[in-house]
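Residue-level structure breakdown
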Amino acid sequence: AITGSLIWRAGPTSDTGAQLALDKMTNSIPGDVRVVDLSGDGFADRMYAADMGGRVWRFDVRNGQAAADLVWGGVFASLGNGDLAVKTDATKNRRFFYAPDVSLMKTGTTNIINVGIGSGHREKPITDVTVVNRFYSLRDFNVFSQVQNTQYKATCGTAETSPCHQIITDDDTRLVDVSTDINPTIPAGGVGWRMNLQDAGEKVLAESRTFQNRIYFTTYSPEEREYNPEYCVATVGLNRLYIVDAATGKPVVNFASPTSPPDDISDRSKELAQGSIAPEAIFVFPTPDADPDNPNPPAVPPICLVGLESCGSGLNNPPVRT
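Reference entry: report on the structure contained in this document. Numbering of residues starts from 1 in every chain and runs along the sequence as written. The predicted origin of the model limits local features to residues at a pLDDT of at least 70 and limits the giving and counting of side-chain atom pairs to 80 or more, whereas totals for whole chains, interfaces and linings rest on all residues. Hydrogens and waters are ignored; side-chain quantities use all the structure's heavy atoms.

A few points about the packing of aromatic side chains
In this description, a pair of aromatic rings is defined by centroid distance and the angle of the planes. When the centres of two rings from Phe, Tyr and Trp lie within 6.5 Å, Trp using its six-membered ring, the rings pair. Their planes under 30 degrees apart give stacked, over 60 give edge-to-face, and anything left gives tilted. In this structure the tally under the stated criterion is 10 aromatic pairs. Ring geometry for Trp-8 against Phe-59: centres 6.2 Å apart, planes inclined by 70°, an arrangement best described as edge-to-face. With Trp-8 in the segment before strand E1 (10-11) and Phe-59 in strand E5 (residues 55-61), this residue pair connects regions lying 51 residues apart in the sequence. Just as Trp-8 is buried, Phe-59 falls in that class too. Considering the side-chain rings of Phe-211 and Phe-283, the 4.2 Å spacing of their centres and the 15° angle between planes classify their relative orientation as stacked. Residue Phe-211 is found in strand E15 (residues 209-211), and its partner Phe-283 is found in strand E19 (residues 281-284); the two are separated by 72 residues along the sequence. Both residues of the pair, Phe-211 and Phe-283, belong to the buried class. Starting at the N terminus, helices and strands are each numbered in turn, a helix being any DSSP run of H or I of at least four residues and a strand any DSSP run of E of at least two. Under the scheme applied here, a residue whose accessible area is under 20% of the maximum for its type counts as buried, over 50% as exposed, and between as partly exposed, the area being computed with a 1.4 Å probe on protein chains only.

Thoughts on the sheet that holds strand E4 (residues 46-50)
DSSP calls a pair of strands paired once it identifies at least 2 bridges connecting them. Taken in spatial order, the 5 strands of this open sheet run E3-E4-E5-E6-E12, and their pairing is mixed. Two strands bound the open sheet, and with one partner strand each, they are strand E3 (34-36) and strand E12 (168-169).

A closer look at the pairing of strand E6 (residues 71-78)
With 8 of 8 residues buried, E6 lies mostly within the body of the structure. Where E6 and E12 come together, 2 bridges link them in parallel fashion. The partner of Ala-77 across the bridge, within E12, is Ile-168.

Concerning unusual backbone geometry
The phi torsion at Asn-213 lies on the positive side, around 65°, for a residue other than glycine. Positionally, Asn-213 belongs in the loop between E15 and strand E16 (214-224). Even without glycine at this site, Ser-276 takes up a positive phi of about 55°. In this structure, Ser-276 sits in the loop between strand E18 (269-271) and E19.

Points about the nonpolar core
Formed by 16 residues in total, the largest nonpolar core has its most connected members in Val-56 and Leu-138. For this core, the element with the highest residue contribution is strand E8 (residues 110-118), accounting for 3 residues. By the convention used here, residues are in contact when the closest approach between their heavy atoms is within 4.5 Å. With sequence-adjacent residues up to four places away left out, Leu-138 is seen in contact with Val-56, Phe-76, Ala-77, Leu-79, Ile-113, Asn-114, Val-115, Ile-168, Leu-175 and Val-191. Counting 15 residues, the second-largest nonpolar core is a separate cluster that includes Val-178, Met-195, Phe-217 and Ala-246. Definition used in this section: a nonpolar core is a set of buried Ala, Val, Leu, Ile, Met, Phe, Trp, Tyr and Cys residues joined via side-chain atoms within 4.5 Å.

A look at the pattern of salt bridges
Each salt bridge in this description consists of a side-chain nitrogen of Lys or Arg and a carboxyl oxygen of Asp or Glu lying within 4 Å of one another. Scanning all chains against the criterion turns up 17 salt bridges. Across the salt bridge formed by Glu-207 and Arg-34, the nearest N and O atoms sit 2.6 Å from each other. Of this pair, Glu-207 sits in the loop between strand E14 (192-196) and E15 while Arg-34 sits in strand E3, and the two are 173 residues apart along the sequence. We classify Glu-207 as buried; its relative accessible area is 12%. Judged by relative accessible area, Arg-34 falls into the partly exposed class, the value being 23%. Across the pair Asp-140 and Arg-46 runs a salt bridge whose closest N-O atoms are separated by 3.9 Å. On the criterion of sequence distance, the pair formed by Asp-140 in strand E9 (residues 134-140) and Arg-46 in strand E4 is long-range, its members being 94 residues apart. Sharing partners across several salt bridges, the network here consists of Arg-34, Glu-207, Arg-209 and Glu-280.

Considering the sheet that holds E18
What the 4 strands build is an open sheet, ordered E15-E16-E17-E18; its pairing is antiparallel. Two strands close off the open sheet at either side, each with one partner strand: E15 and E18. Each neighbouring strand pair of the sheet contributes to a mean axis angle of 30°, computed without reference to strand direction. Two strands pair when backbone bridges link them, and E16 and strand E17 (residues 236-245) are joined in this way by 9 bridges, in the antiparallel orientation. Looking at E17, one finds that Tyr-220 is bridged to Asn-239. Only the contacting stretch of a helix is used when fitting its axis, a line to C-alpha atoms as for every element, and angles between N-to-C directions run 0 to 180 degrees.

Details of a nonpolar patch on the surface
Patch building starts from residues that exceed 30% relative accessible area and form no salt bridge, then joins like charges within 9 Å and nonpolar side chains (Val, Leu, Ile, Met, Phe, Trp, Tyr) within 5 Å. What sets the accessible areas is the Shrake-Rupley method with a 1.4 Å probe; for residues, cover comes only from the shown protein chains. On the surface, Ile-282, Val-284 and Ile-303 cluster together to form a nonpolar patch covering roughly 200 Å² of accessible area. Take Ile-282: it is sitting in strand E19.

Some thoughts on the side chain of Asp-170
Relative to the helices and strands, Asp-170 is located in the loop between E12 and strand E13 (175-177). A 3.5 Å cut-off defines polar contacts: any pair of N or O atoms within that distance qualifies, except that in protein one atom must be a possible hydrogen donor and the other a possible acceptor, and neighbouring residues in sequence count only when both atoms are side-chain atoms. In terms of polar contacts, Asp-170 uses its side chain to reach the side chain of Tyr-136, at 2.6 Å. Not counting chain neighbours up to four residues away, the residues in contact with Asp-170 comprise Ser-78, Leu-79, Arg-94, Arg-134, Tyr-136, Leu-175 and Arg-194.

Description of the environment of Asn-254
Summarising the element assignment, Asn-254 is placed in the loop between E17 and E18. Given a relative accessible area of 7%, Asn-254 falls into the buried group. Through-space distance from the C-alpha of Asn-254 to that of Ser-269 is 9.1 Å; in sequence the pair is 15 residues apart. Within the structure, Asn-254 has its side chain in polar contact with the backbone nitrogen of Ala-256 (distance 3.2 Å). For Asn-254, the side chain forms a polar contact with the main-chain nitrogen of Ser-257, separated by 2.9 Å.

Structure (structure tokens):
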């Protein structure tokens, strides 16, 4: 940060200057790299990134090691056509323009890192209607253990002597398709879930956010909208906000009747009023109003927003210091 000198880099095998050469690093990574400090010591321990070939990458930082051995890493998931032998099926040409959404979770008694990400071609939001875009919630079971470069495999055997990660693929039998299931179950050992987006050409064009065990993400569909002269918005394009259970993908909010439980898979999402392409959901933590009669006013619950629009779902727990 002070001098700009190179510490480390990864690249394809043709990059002779890379400290970590990866034969599958053949597509660009336009999104941010998600960096995680797992130990709380102020040093980076883990990095996740996603590329235009539909891959999600994981890297372990080995602080204190020389540059040649500073970072281990490999393909965590391959969900597009980047690693397919035949790439002519346009429906599988999924691209990730944004960083993975990484959160520490517990399923039962097992700690996992949940990696949420959705696909969509940002450069062609209207014209690209062939690809079957999906949202994925992937489970990383090697939470605090580092995985060596050679331990990213198509299949992990039972006699592995060190942590092994079996690369998750789109047709992986361990990855549950929850697209039409209102109350899905992820079996023990399952690596997460995937969900088809509901419209032809619907895309995830922003990062997702995991909050209170729910995943919030927005999508854009190239649909014709009824022109309304009262609003200065484009007549092409429909934005949705999805709010689903992070562990299973089931709906958690009944937008039509907020006091009732969700009763249909359509309760996973609601249409947004805004035009253009909606940004990601954000969470605002308001400061309590000053009260001279109460030096310790109660905390104000956080507010969820997409742009200037309310998410339409209450957040009832105030922040607590941990």
